[in-house]
Amino acid sequence: EELPKALKAHPDAVSCLVTGNLEPIGWAKMEALGLLGLFSEPRFGGFGTDFCSGDTAETWKDRTELVRFAAHKGRVALKLDGENGAPLGDLASLAGSNEGLDKGWSSRVHVGDTPMDIKAALAAGAKALGVATGVFSKEQLEACAPGNPNLVVVESFENTAATLAAMGLSPSKVAAN
């Protein structure tokens, strides 16, 4: 819980939710875990409600779209294109393209604990921050993209300052709670 608190308090960070769950279920799970208030306002993300290709052989590709959609929806929700920025529009028309996703963001980081999360982040043009707290080891997650400078894998989030630094955020900027 320390990392989400640090991200919430960091002036250069926004956090969203990317999950294959339907949007109301994803947010309800965060609420049940006591984490809902630690996401940026207005809340945004990429959800199973946004996209489903039906391709069960390579489901990581659907995750890629959810990471892309989260970046786009965040840019709209946070008005990074200006007060009268681009409308949300048809998300399906954005599928398969990273064009314009970095506009307004200094960087994008997608956190996950599976090889599918790593592949999805990198394919969506985001930095991948893998965490070996699930069933996959640090070595297994690093093997997803050996030598890729946009992949960082940590054993856990226990060292909040190191994790923030891995995300490209200065730990010294975290506001006191």
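My aim in this report is to walk through the structure given alongside it, one point at a time. Here, residues in each chain are numbered from 1, in the same order as that chain's written sequence. Restriction of local features to residues with pLDDT of at least 70 applies here, the model being predicted, together with a cutoff of 80 or more for giving and counting side-chain atom pairs; totals for whole chains, interfaces and linings are based on all residues. In computing side-chain values, all of the structure's heavy atoms are included and hydrogens and water are not.

Each helix and strand counted, the chain has six helices and five strands in total. Ordered by position from the N terminus, the helices and strands of the chain form the series α-β-α-β-α-β-α-β-α-β-α. Each residue is placed in one exposure class: buried if its accessible area under a 1.4 Å probe, protein chains only, is under 20% of its type's maximum, exposed if it is over 50%, and partly exposed if it falls in between. Scored against the burial criterion, the 177 residues of the chain give a buried share of 37%. Of the contacts formed within the chain by residues at least 6 apart in sequence, a portion of 59% connects residues at least 24 apart. A total accessible area of about 9,300 Å² is found for the chain, and carbon and sulfur atoms account for 54% of it. Every helix listed is a DSSP run of H or I at least four residues long, and every strand listed is a run of E at least two residues long, numbered separately from the N terminus. We call two residues in contact whenever any of their non-hydrogen atoms come within 4.5 Å of each other. We get accessible surface area from the Shrake-Rupley algorithm with a probe of 1.4 Å; when it comes to residues, only the shown protein chains can shield them.

The next thing to look at is helix α1 (residues 2–9). Considered for burial, the residues of α1 that qualify are Leu 3, Ala 6, Leu 7 and Ala 9. One face of α1 carries all of its buried residues, which in axial projection span an arc of 165°. Looking at the buried positions of α1, the neighbouring elements they touch are α6 (160–166). Comment: arc refers to directions from the helix axis out to C-beta atoms.

Bringing the environment of Cys 52 into the picture now. Considering the arrangement of structural elements, one finds Cys 52 in the loop between β2 (45–47) and α3 (60–77). The spatial distance from the C-alpha of Cys 52 to the C-alpha of Asp 62 is 6.2 Å, given a sequence separation of 10 residues.

Pairing of aromatic rings covers Phe, Tyr and the six-membered ring of Trp, with a centre-to-centre limit of 6.5 Å; geometry is then stacked below 30 degrees between planes, edge-to-face above 60, and tilted otherwise. Within the structure shown, the criterion is met by three aromatic pairs. With 5.9 Å between their ring centres and 75° between their planes, Phe 51 and Phe 69 make a pair best called edge-to-face. Taken together, the positions of Phe 51 in the loop between β2 and α3 and Phe 69 in helix α3 put the pair 18 residues apart, joining distant regions of the chain. The class for Phe 51 is partly exposed, based on a relative accessible area of 21%. Following the ring pairs from residue to residue traces out a cluster consisting of Trp 27, Phe 39 and Phe 47. Over the ring of Trp 27 we find Arg 43; its NZ or CZ atom is 6.0 Å from the centre of that ring. Placement of a charge over a ring requires the Lys NZ or Arg CZ to be within 6 Å of the ring centre, with the centre-to-atom vector within 35 degrees of the ring normal.

Here we take up the pairing of strand β4 (residues 127–131). Of all five residues in β4, four are buried, a share of seventy percent or more. By the bridge criterion, four bridges tie strand β3 (residues 109–112) to β4 in an arrangement that is parallel. Residue pairing for β4: Gly 112 is matched across the bridge by Gly 130. Whether a crossover is right-handed comes down to one check: with the strands pointing away from the viewer, does the path from the first strand over the helix to the second run clockwise; if it does, it is right-handed. Each parallel crossover has a hand, and the one from β3 via helix α4 (residues 115–123) to β4 is right-handed. Relative to strand β5 (residues 151–154), β4 is paired through four bridges, and the arrangement is parallel. Strand pairing is assigned whenever DSSP identifies at least 2 bridges connecting the two strands.

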